[in-house]
Amino acid sequence: MNTRYSDQENRYLLLDNRNVPLAHVAAEGSMEGRLLTVKLLDNEAEGVLAHEIYRLLSIKKDQPPIQCQFVSQKNGRVVLEKISVLAPELRKDLRVPLHRKSLLYFPTEKGFGRYEIEFVDISCGGMAFYGPKGIRQTDGLEAALPLNFTPLIVKCQLLNERELRSEKSLYAAKFLDLCNDEEKAIREAVFSLQLEGRARSKQI
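Residues numbered from 1 in each chain as written. Predicted model: local features only at pLDDT ≥ 70, side-chain atom pairs only at ≥ 80, totals over all residues. Heavy atoms only, no water.

A few words on the pattern of salt bridges. Applying the stated rule across the entire model yields four salt bridges. Put simply, E161 and R136 hold a salt bridge, and the shortest N to O gap is 2.9 Å. A residue pair is termed long-range when its members are at least 10 positions apart, and E161 in strand β12 (residues 152-163) and R136 in the loop between β10 (126-132) and β11 (141-145) qualify at 25 residues. For E161, a relative accessible area of 27% puts it in the partly exposed group. (Salt bridge = Lys/Arg side-chain N within 4 Å of Asp/Glu carboxyl O. Helix = DSSP H or I, 4+ residues; strand = E, 2+ residues; numbered from the N terminus. Buried < 20%, exposed > 50% of the residue type's maximum accessible area, 1.4 Å probe, protein only.)

The tally for this structure, following the rule as stated, stands at two aromatic pairs. Taking 5.3 Å as the distance between ring centres and 15 degrees as the angle between the ring planes, the aromatic pair formed by F129 and Y171 counts as stacked. Of this pair, F129 sits in strand β10 while Y171 sits in strand β13 (residues 168-176); the two residues are 42 residues apart in sequence, bridging distant segments of the chain. Judged by relative accessible area, which is 2%, Y171 ranks as buried. (Phe/Tyr/Trp six-rings, centres within 6.5 Å; stacked < 30°, edge-to-face > 60°.)

On to the side chain of S102, then. Among the structural elements, S102 can be located in strand β8 (residues 101-108). Owing to a relative accessible area of 13%, S102 belongs among the buried residues under this scheme. Residues contacting S102, with those up to four places away along its chain left out, are Y115, E116, I117, F119, A144 and P146. (Contact = heavy atoms within 4.5 Å.)

In summary, the side chains of a regular strand alternate between the two faces of the sheet. In terms of strand pairing, strand β4 (residues 53-58) meets strand β5 (residues 66-74) through four bridges, oriented antiparallel. Bridge pairing in β5 places R55 opposite Q67. In this structure, β5 lies alongside strand β6 (residues 77-85), joined through eight bridges in antiparallel fashion. Within the sheet, the bridge partner assigned to K74 lies in β6 and is R77. (Pairing = 2+ DSSP bridges.)

Structure below.
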């Protein structure tokens, strides 16, 4: 996970109007007024500032997403005009690819069993993954989220299963009963994964 930035609480993810991640930015001054000033933290003004409408997604869960219009930029500082406050669901709907193998734990009479799974994507609210067909448990499931060196174990609930031609199915699940530290870890991971994906696509 990216820990380069000292002021984590003022950090935002800058998106275009299609929710494509562009850069990490830091707020400079109040974000309550009509004009907002942010500082680019990735030193990549080229391409990032090729749009007119942007969205700002705070790393803090109690800050709603903001839709803005570009005004000006100088020396890596960008001035945006606030257009509207967006629905908080944007944060949970913002999904990023995550192609890593992990485990899904389920309760048994003797403790816990486990399924081997492969992540497809993750958001602040849930995940999609490949797993063996026929997972039927609805209660007590726990997923090991491979976000860092030590997996984060969280409770989850299956939403649906789509059987594939192979021996696997594609599942969607939502996270349950996340504590503040778990929510923050997932948010920061989603932020970092968004920009890692953008950096890889630029290298292809």
